[in-house]
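Observations on the three-dimensional arrangement
Below, each chain spelled out in residue letters.
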Amino acid sequence: SLSTDIVVVGAGPAGCMVAKTAAELGVNVLLLEEHPSPGLPVFCGEAISEKTLVEAGLCPETSIISQSIRKAHVYTPNGKQVTIENDRSRGYIINRHIFDARLSEDAVTAGARLMVNTRAVDVIRRGGVVVGVKAERGDEQFIIWSTLVIGADGHASMVRRQALGIPYFKSYGVCAQYTLSGLNLEPDAVEIWLGRKYAPGCYAWMFPKSQNVANVGISVLAKHATKPVIQYLQDFISQNPKLRDGVIISKTGGMCPTTGTLDQVVGDGVMLVGVAAG
Ligand SMILES: Cc1cc2nc3c(=O)[nH]c(=O)nc-3n(C[C@H](O)[C@H](O)[C@H](O)COP(=O)(O)OP(=O)(O)OC[C@H]3O[C@@H](n4cnc5c(N)ncnc54)[C@H](O)[C@@H]3O)c2cc1C
């Protein structure tokens, strides 16, 4: 077994930021990631604001930034186009796996210990207080004792389920995304389609990674979906002359809670951060 002040479950952006912050304050932090490298696989449209990049403590260097964004074309349900553009705010389409890798490096530089290929499988309680996690790495099973367990383990959070008894969110969007190449785009403009024609309850997006490549995705509110989300995505792309001849170079998807932050995100010895918390 191991012991530490804080065990952070999940080395996504939320887990890395909380691990870095705690380590900078002189606390012993163990950061667990079930995959071999933080940031992979990517489940993201990769669009962030400049403010997010700054708050993450990162610079807009070329390995992180795929494309700078200066405007957004928003298509309303009645077919109108609204363009949002100003000199003060900027966005980026990032290389999310590099963004996450940088955040994990910063956490380690601050003093956190990162354990990859390590999955937290349960929380341990003593007298109702969470005092650690059970973890697995390969065939090895071990216990990590800690004063605080932080669940940064994404939308399906084991920590949320096991420690706080909250199985899932009451409302969530189901997402599917293709990265398409062979396009001819306005590279510094994201495009968003609102309304039930394409994406009931949520929206469809086109986030350019360059003039020729874009993340094209859709999120549909689960309770409004009448067909699989991949079908919504394919129907949306086939109806869009700018996108329909694109070549699929990768596919991803996932779930996004739409409830906002949960009412309960802390318990004795435990707290949730990031999308685990809503
Ligand atoms: C299709 C899609 C497109 C999106 N597009 C955008 C976008 O363009 N811009 C944007 O800002 N947001 C976007 N989002 C949302 C964004 O991806 C999430 O808000 C963000 O990743 C949440 O970060 P997090 O650190 O809370 O969780 P995550 O990024 O989910 O990280 C959780 C980490 O925990 C690890 N983990 C999980 N369980 C365990 C366990 N038991 N033990 C150890 N490790 C574990 C996972 O491997 C993962 O690395 C999108 C989401 C989806 C699904």
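Each chain carries its own residue numbering, running from 1 in the written order of its sequence. Totals for whole chains, interfaces and linings use every residue, but because this is a predicted model, local features are given only for residues with pLDDT of at least 70 and side-chain atom pairs only at 80 or more, for both listing and counting. Hydrogens and water molecules were not included; the side-chain quantities draw on all heavy atoms of the structure.

1. Examining the nonpolar core
In this structure, V8, L53 and F99 are the most contacted members of the largest nonpolar core, which totals 25 residues. Those elements that provide at least two residues to this core are β1 (2-9), α1 (13-24), β2 (29-32), β7 (91-94) and α3 (96-110). A run of DSSP states H or I qualifies as a helix once it reaches four residues; a run of E qualifies as a strand once it reaches two. Both are numbered from the N-terminal end. Considering each element in turn, this core owes the most residues, five residues, to α1. Whether two residues are in contact is decided by their heavy atoms, any of which lying within 4.5 Å being enough. With residues near it in sequence (within four places) discarded, L53 still touches I48, L58, C59, P60, I64, I65, Y92 and F99. With 23 residues, the next largest nonpolar core counts V7, V133, I144 and L164 among its residues. Buried Ala, Val, Leu, Ile, Met, Phe, Trp, Tyr and Cys residues form a nonpolar core when they are joined through side-chain atoms within 4.5 Å. Relative accessibility thresholds used throughout: buried, under 20% of the residue-type maximum; exposed, over 50%; partly exposed, between the two (1.4 Å probe, protein chains only).

2. Some thoughts on the domain arrangement of the chain
All the domain ranges listed were derived from an automatic or database domain assignment. Along its sequence, the chain is organised into domain 1 (2-44 + 97-168 + 260-277) and domain 2 (69-90 + 171-257). Every contact between the two is made by six residues of domain 1 and, on the other side, seven residues of domain 2. When the buried surface of domain 1 facing domain 2 is broken down by residue, C44, H155 and Y168 rank first, second and third, together holding 62% of it. Any Lys or Arg side-chain nitrogen located within 4 Å of an Asp or Glu carboxyl oxygen qualifies as a salt bridge. Taken together, domain 1 and domain 2 are joined by zero salt bridges. Whenever a nitrogen or oxygen atom comes within 3.5 Å of another N or O atom, the pair is scored as a polar contact, on the condition that within protein one atom can donate a hydrogen and the other can accept it, and that pairs from neighbouring residues in sequence are kept only if both atoms are in side chains. Where domain 1 packs against domain 2, one counts two residue pairs in polar contact (both at pLDDT 80 or more). We call Asp, Glu, Lys and Arg charged. Ala, Val, Leu, Ile, Met, Phe, Trp, Tyr, Cys and Pro are nonpolar, and the rest, Gly among them, are polar. Class assignment of the residues belonging to the side of domain 1 that touches domain 2 gives a composition of five nonpolar, one polar and no charged. When two parts are put together, the accessible area they lose, computed with a 1.4 Å probe and summed over both, is reported as buried area.

3. Considering the site of the ligand
For each residue, the test is whether any non-hydrogen atom lies within 4 Å of the molecule or strand; if one does, the residue is near. As a structural note, the neighbourhood of the ligand is formed by 30 residues, with E33, G45, A47, R96 and V275 the closest of them. Within the backbone of P13, an N or O atom sits 3.2 Å from an oxygen atom of the ligand. Backbone polar atom of A47 to a nitrogen atom of the ligand: 2.7 Å apart, as the coordinates give it. Expressed as a share of its isolated accessible area of 1000 Å², the protein-covered part of the ligand is 78%. Sort the elements by how many residues they give to the shell around the ligand and strand β16 (residues 247-257) lands first, with four residues. Class assignment of the residues belonging to the shell around the ligand gives a composition of 15 nonpolar, nine polar and six charged. Accessibility throughout is a Shrake-Rupley quantity obtained with a 1.4 Å probe, and a residue counts as covered only by protein chains that appear here.

4. Focus: the UniProt feature "domain: Digeranylgeranylglycerophospholipid reductase catalytic" (unreviewed entry) in the chain
UniProt positions are given in the numbering used here, feature names are shortened, and annotations may be inferred rather than shown by experiment. Mapped onto the present numbering, the UniProt feature "domain: Digeranylgeranylglycerophospholipid reductase catalytic" (unreviewed entry) falls on residues 174-255. The span residues 174-255 carries 12% helix and 45% strand; its end-to-end C-alpha distance comes to 5 Å.

5. Observations regarding the pairing of β2
Residues V29 and L31 point to one face of β2 and L30 and L32 to the other, with burial holding for every one of them. Any two strands with at least two DSSP-identified bridges between them are counted as paired. Where β1 and β2 come together, four bridges link them in parallel fashion. Across the sheet, V9 pairs through a bridge with L32, a residue of β2. In this fold, β1 hands off to α1, which returns the chain to β2; that crossover is right-handed. As paired strands, β2 and strand β8 (residues 113-115) are joined by three bridges and run parallel to one another. Residue L31 lies in a different strand from β8, and its bridge partner there is L114. A crossover gets the label right-handed when its path from the first strand over the helix to the second runs clockwise, viewed with the strands pointing away from the viewer.

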